[in-house]
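The primary structure of each chain is shown beneath.
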Amino acid sequence: MGNGLFDLHAELCKALADPKRLEILSLLSDGEKTVSELEGLMKIRQANLSQHLAVLRQRNIVVARKHGTTVSYRVANRKMIKACGLIREVLLEQLENAGRIVKEATK
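Throughout, a residue's number is its position along its own chain's written sequence, starting from 1. For a predicted model such as this one, the threshold for reporting local features is a pLDDT of at least 70, and the threshold for listing and counting side-chain atom pairs is 80 or more; totals across whole chains, interfaces and linings nevertheless cover every residue. Working from all heavy atoms in the structure, the side-chain values ignore hydrogens and water.

This paragraph deals with helix H2 (residues 19-28). Among the residues of H2, those classed as buried are Arg21, Ile24, Leu25, Leu27 and Leu28. For H2, the angular spread of the buried residues around the axis is 165°, confining them to a single face. Within 3.5 Å is the distance limit for a polar contact, defined as a pair of N or O atoms, with the added protein rule that one can donate a hydrogen and the other accept it, and that residues adjacent in sequence qualify only through two side-chain atoms. Helix and strand definitions follow DSSP, with helices as H or I runs of at least four residues and strands as E runs of at least two, each counted in order from the N terminus. Taking the backbone nitrogen of Lys20 as reference, a side-chain oxygen 2.8 Å away marks Asp18 as the first, capping residue of H2. Each residue gets one of three labels from its accessible area relative to the maximum for its type: buried under 20%, exposed over 50%, partly exposed in between, using a 1.4 Å probe on protein chains only. Our arc is simply the arc of the directions from the helix axis toward the C-beta atoms.

Here it is, written out as structure tokens:
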């Protein structure tokens, strides 16, 4: 039997376990963007982008705002940007450490 909070955490991580969805979050980190803006920046088809945005919306990671026929998206909670930034920092440190180990092993 699972723990409710851990189950939610795992579901959130599943939603973020895609490079395109992480890219969307990164692009939204500096503010709201329309679907067309995201499409142009990411160079992917709108249908594909819409699928990714739907997953992020279902997990309450992004929120949509409709104005006329245009839909804009923004990050629902800025802490999500901080969390992703921390994970990237850890990854960079790991890569840096791995590079040092390789460098020392080849001396």
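Below, the discussion takes up the pairing of strand E3 (residues 70-75). The pairing of strand E1 (residues 33-34) with E3 spans two bridges and is classified as antiparallel. Looking across to E3, one finds that Lys33 is bridged to Tyr73. We call two strands paired when DSSP finds no fewer than two bridges between them. Connecting the antiparallel pair strand E2 (residues 62-67) and E3 is a turn made up of two residues, with Gly68 showing a positive phi of about 70°.

In this section: the nonpolar core. Only buried Ala, Val, Leu, Ile, Met, Phe, Trp, Tyr and Cys residues count toward a nonpolar core, and they belong to the same one when joined by side-chain atoms within 4.5 Å. In this structure, Ile24, Leu25, Leu28, Leu49, Leu53, Ile61 and Val62 are the most contacted members of the largest nonpolar core, which totals 20 residues. Those elements giving two or more residues to this core turn out to be helix H1 (4-16), H2, helix H3 (35-42), helix H4 (46-58), E3 and helix H5 (79-105). Sort the elements by how many residues they give to this core and H2 lands first, with four residues. Two residues qualify as a contact provided that any one of their heavy atoms is within 4.5 Å of a heavy atom in the partner residue. If we skip the residues at most four places from it in the chain, Leu25 touches Leu16, Ile61, Val62, Val75, Met80, Ile81 and Cys84.

Should a side-chain nitrogen of Lys or Arg be within 4 Å of a carboxyl oxygen of Asp or Glu, the pair is scored as a salt bridge. Counted under the stated rule, the structure contains four salt bridges. Note that Arg65 is salt-bridged to Glu32, the shortest N-O span being 2.5 Å. Highlighted residues: Arg65 in strand E2 and Glu32 in the loop between H2 and E1, separated in sequence by 33 residues. Given a relative accessible area of 43%, Arg65 falls into the partly exposed group.

It is worth spelling out unusual backbone geometry at this point. The bulk of non-glycine residues show a negative phi, and the bulk of peptide bonds are trans. Of note, the phi angle at Lys43 is positive, near 55°, even though the residue is not glycine. Assignment of secondary structure puts Lys43 in the loop between H3 and H4. Assessed through its relative accessible area of 71%, Lys43 is described here as exposed. Positive phi, normally seen in glycine, also occurs at Asn60, with a value near 60°. Here Asn60 shows up in the loop between H4 and E2. Classification of Asn60 by relative accessible area gives exposed; the value is 60%.

Turning to the sheet that holds E2, a few remarks are in order. Ordered in space as E1-E3-E2, the three strands form an open sheet in which the pairing is antiparallel. Of all the strands in the sheet, just E1 and E2 have a single pairing partner and so form its edges. Here E2 pairs with E3 via six bridges, running antiparallel. Across the sheet, the residue bridging to Ala64 is Tyr73, located in E3.

By themselves these figures say nothing about function.
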